[in-house]
Amino acid sequence: MSTDLQWLLIRKYNSFLVKKVPEGPSFSKEPGNLLNLHSHKYSGLANSKTIDIQSSESGLQITTRKSKASPHAVRPARSTANVRNRSGGRRSLGVVASVAKRGYRPDLRAAALGRTSALLAAQKEKKASPPKKVRGKKAAASIP
């Protein structure tokens, strides 16, 4: 079945569709959708080639669907790359960029890099804020 026909069948009704505002954008929670936008370009269900980036305990997990796999297989063949947390942000972004750039889905490169950056920022521990210093009249009044 072609990807265009699949999109025509699932675009209005599927279990991953999220409609919050009638006049606003439609979102989608499907796996493989990098921007979570409900469109044919970013759809993880209707495209034969998808890139899925998820956060895991050990780091980032980058999954791509193999396009040459048999359509009659029980589960679609996938290729998975893991990037450890301690490898750093530059290595993670480099791995994602190379996966998207090497002829797989170069149109999703910017979206994949954006999702990777967001996941890396979410994994970082926030620094504790320093205590507030009392200034001006309050500082002079507190000195005995």
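Read on for an overview of the structure.

Thresholds, definitions, all that
- Residues numbered from 1 in each chain as written.
- Predicted model: local features only at pLDDT ≥ 70, side-chain atom pairs only at ≥ 80, totals over all residues.
- Heavy atoms only, no water.
- Helix = DSSP H or I, 4+ residues; strand = E, 2+ residues; numbered from the N terminus.
- Rg over C-alpha atoms; globule rule 2.2 N^0.38 Å.
- Buried < 20%, exposed > 50% of the residue type's maximum accessible area, 1.4 Å probe, protein only.
- Pairing = 2+ DSSP bridges.
- Axes fitted to C-alpha atoms, helices over the stretch in contact; angles between N-to-C directions.
- Contact = heavy atoms within 4.5 Å.
- Parallel < 35°, antiparallel > 145°, perpendicular 65-115°, else oblique.
- Left-handed = near helix turned anticlockwise from the far one by under 90°.
- Nonpolar A, V, L, I, M, F, W, Y, C, P; charged D, E, K, R; others polar.

**Things to note about the overall build of the protein chain**
Check the secondary structure of the protein chain and you find four helices and five strands. Listed N to C, the secondary structure of the protein chain is α-β-β-β-β-β-α-α-α in terms of helices and strands. What you see for the protein chain is a C-alpha radius of gyration of 22 Å, clearly larger than the 15 Å of a compact globule of 144 residues, by over 25%. Along the longest, intermediate and shortest principal axes, the C-alpha atoms of the protein chain span 80 × 40 × 25 Å. For the protein chain, with 144 residues in total, the buried portion stands at 28%.

**Details of the sheet that holds strand β5 (residues 78-84)**
Sheets are built from strands paired through backbone hydrogen bonds, the pairs being either parallel or antiparallel. The strand order across the open sheet formed by three strands is β3-β4-β5, and the pairing between neighbours is antiparallel. The two strands at the open ends of the sheet, each matched to only one other strand, are β3 (51-55) and β5. Within this sheet the neighbouring strands show an average axis-to-axis angle of 20°, counted without direction. Here five bridges tie β3 to strand β4 (residues 59-65), and the two strands are oriented antiparallel to one another. Bridge assignment links Ile53 to a residue of β4, and that residue is Ile62. Of the strands in this sheet, β3, β4 and β5 are in contact with helix α2 (residues 89-101), which crosses β4 at around 5°. Each of β3 and β4 is contacted by helix α3 (residues 109-123), which is oriented at about 5° to β3, the strand it contacts most.

**Structural notes on the packing of α2 against α3**
Two numbers describe how α2 lies on α3: the axes approach to 9 Å, and their chain directions differ by 155°. The angle between the axes of α2 and α3 places the two elements in the roughly antiparallel class. α2 and α3 meet at a crossing whose hand is right-handed. Across from Gly89, Ser92, Leu93, Val96, Ala97, Ala100 and Lys101 in α2, the residues of α3 making contact are Arg109, Ala112, Leu113, Thr116, Ser117 and Leu120. Split by residue class, the contact of α2 with α3 holds seven nonpolar, four polar and two charged.

**A look at unusual backbone geometry**
Positive phi values are uncommon outside glycine, yet Asn36 reaches one of about 60°. Looking at the secondary structure, you find Asn36 in the loop between β2 (27-28) and β3. Using a relative accessible area of 28% as the deciding quantity, one classes Asn36 as partly exposed.

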